[in-house]
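# Tertiary structure, described
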Amino acid sequence: MRQVDTLFINGPVLTQGPAGLLDPGLLAVRGGRIVTVAPYAPGDEAGFAANETIDLSRRRHLLMPGLVNAHTHAAMTLFRGLADDLPLMEWLTRYIFPVERNLTAEWVFWGTQLACLEMIAGGTTTFCDMYLFEQAAAEAAEQAGLRALVGEVLYDFPSPNYGPPEAGLRYSRDLIARWRGHDRIRIAVEPHAPYTCSPDLLRQCARLAEESEVPLIIHLAETGHEEATIRERHGLSPVRHLERLGLLSSRLIADHAVHLADDEIDLLAARGVAVAHNPESNMKLASGTAPLPALLRAGVRVGIGTDGCASNNNLDMFQEMDSAAKLQKVTRLDPTALPATTVVRLATAMGAEALGLGTLTGSLEQGKAADLILVDFDQPHLTPVYDYASHLVYAARGADVTDTMVAGRWLLRDRAFTTLDPERVLDQVRRISRRISELVTPAQNAST
């Protein structure tokens, strides 16, 4: 008889691994890892001594991997709804950057904890973050129990965190050293974008990522304005600009990657670059539609991200999956452009691979971390069930998640948080929001 911590039996298990869908399936967790995943037959549970046994059939729950949010700015939950319906550059330069000049580590901590609450409740177990005061963001994610890849945003102008641009690399280096070896929190080097970072800064970022053996993450080819700006400054497209600087490699994760020529897609694939696709942010800011089918055909590693709450305005990965699928269909006038089965993989196994975490999470396989969620299918909008992937993409929503586990630890149990105090987090964010409102000028308020 095998001693395990948690045993799931007698219900559908969507592994996103070689085993596919097991219905019914059995999954056992011990020490934060998956030790068994197999088809289930009545009586199989007798081979285990479990601290907790969950019969999936009793509640008509689906067991599946936790979702992977491949790109966000978690603390921007503080700016949700602050300045909507604006072009990207106006949104950034007139609203976001001015308010961000007043950011503090405390603000980022509570904004990130608010994001963690939202992600945990919606079934996200891993997220990739780019923002300011990322030491505070890492601490917030660590306390929440989530898995995270985080990095300080770097650019050519002073930061409210580290001050002059030259101090940004030192801050990133210290962040890498401080969190190296942590079981859930990892660090990346994260220059903001080609239009906010000089060639010299971009080269230095690439060297630091290479020396430290961590990912390099950048916004790339997000808008037509970026395309025009980089061509004017450097005579090349953003992708070709990074190629000339030596940044295109399997270490690089390109956020957005909307404006790509066919040969640039081939170049990204050849260099092993990964892409974080953000359909709802791209739609809301009218940035364009990323050539997702072409990227996948070329073999580019792709994940799905929500972007930040100032440009989305939520962190619901189920909604993001729905948008990702439908956007490709309507843009290409092809209902087969992006099938539901592919989209679920983008939000789980493929997303983990894009972040360099594919051997650890993203699928339910023996030896991987027990990062998993339970989705309640005993509801009118999820009945009947002919295809689980179809429902997950086109019918389910974050509120259908009842339980969230990371590394074998429950973060959400029967829709109750176990690691964070939601009332305290919400009170702190409401306090901060009053200060943010004071920073927005009357003219800016009127224009929104």
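Our structure is the block above this text.
Remember, predicted model here, so these are calculated numbers, not experimental data. (Residues numbered from 1 in each chain as written. Predicted model: local features only at pLDDT ≥ 70, side-chain atom pairs only at ≥ 80, totals over all residues. Heavy atoms only, no water.)

Turning our eyes to something else, we now look at the sheet that holds strand 13 (residues 274–277). In spatial order, the strands read 11-12-13-14; together these 4 strands make up an open sheet with parallel pairing. In this open sheet, the two edge strands, each paired with only one partner strand, are strand 11 (216–220) and strand 14 (301–304). Sheet twist, expressed as the mean angle between neighbouring strand axes with direction ignored, is 25°. Sheet topology note: the strand 12 (residues 252–256)/strand 13 ladder contains 3 bridges and is parallel. Among the inter-strand pairings, Asp255 is bridged to a residue of strand 13, identified as Ala276. (Pairing = 2+ DSSP bridges. Helix = DSSP H or I, 4+ residues; strand = E, 2+ residues; numbered from the N terminus. Axes fitted to C-alpha atoms, helices over the stretch in contact; angles between N-to-C directions.)

Attention now goes to the pattern of salt bridges. Per the stated rule, a full pass over the model turns up 19 salt bridges. A salt bridge links Glu90 to Arg94, with the shortest nitrogen-to-oxygen separation between them at 2.8 Å. Of the two residues, Glu90 and Arg94 are both situated in helix 2 (residues 88–100); the distance of 4 residues between them amounts to about one turn of the helix. For Arg94, a relative accessible area of 34% corresponds to the partly exposed category. Close ionic contact of Glu438 with Arg435 constitutes a salt bridge, the shortest N to O distance being 3.3 Å. Residue Glu438 and its partner Arg435 are located together in helix 16 (residues 422–439), separated by 3 residues, close to a single helical turn. Given a relative accessible area of 58%, Glu438 falls into the exposed group. Classification of Arg435 as partly exposed rests on a relative accessible area of 37%. It is possible to trace a salt-bridge network through shared partners that takes in Glu52, Arg59, Asp403, Arg413 and Asp414. (Salt bridge = Lys/Arg side-chain N within 4 Å of Asp/Glu carboxyl O. Buried < 20%, exposed > 50% of the residue type's maximum accessible area, 1.4 Å probe, protein only.)

Let's shift gears to the side chain of Thr124. Secondary-structure assignment places Thr124 in strand 7 (residues 124–131). If sequence neighbours within four positions are ignored, Thr124 has contacts with Leu67, Asn69, Met119, Leu146, Leu315, Met317 and Thr404. (Contact = heavy atoms within 4.5 Å.)

On to empty space enclosed by the protein. Gaps left between atoms show up when a probe the size of a water molecule is rolled over them. Tallied over the full model, the rule gives 2 cavities of 30 Å³ or more. Looking at the largest cavity, it is lined by 21 residues, and the ones nearest its centre are His73, Met76, Leu92, His192 and His219. For the lining of the largest cavity, the secondary-structure elements that each account for two or more residues are helix 2 and strand 7. By residue number, the principal contributor to the lining of the largest cavity is helix 2, which donates 6 residues. Grouping the amino acids of the lining of the largest cavity by side-chain chemistry returns 13 nonpolar, 5 polar and 3 charged. Each pocket or cavity is described by its volume, and for the second largest cavity that value is around 30 Å³. At 3 residues, the largest contribution of residues to the lining of the second largest cavity is made by strand 8 (residues 147–154). Class assignment of the residues belonging to the lining of the second largest cavity gives a composition of 4 nonpolar, no polar and 4 charged. (1 Å grid on protein atoms, 1.4 Å probe; cavity = no way out; pocket = protein on both sides within 12 Å on 5 of 7 lines; lining within 4 Å. Points joined across faces, edges and corners; volume = space filled by probe spheres on them. Nonpolar A, V, L, I, M, F, W, Y, C, P; charged D, E, K, R; others polar.)

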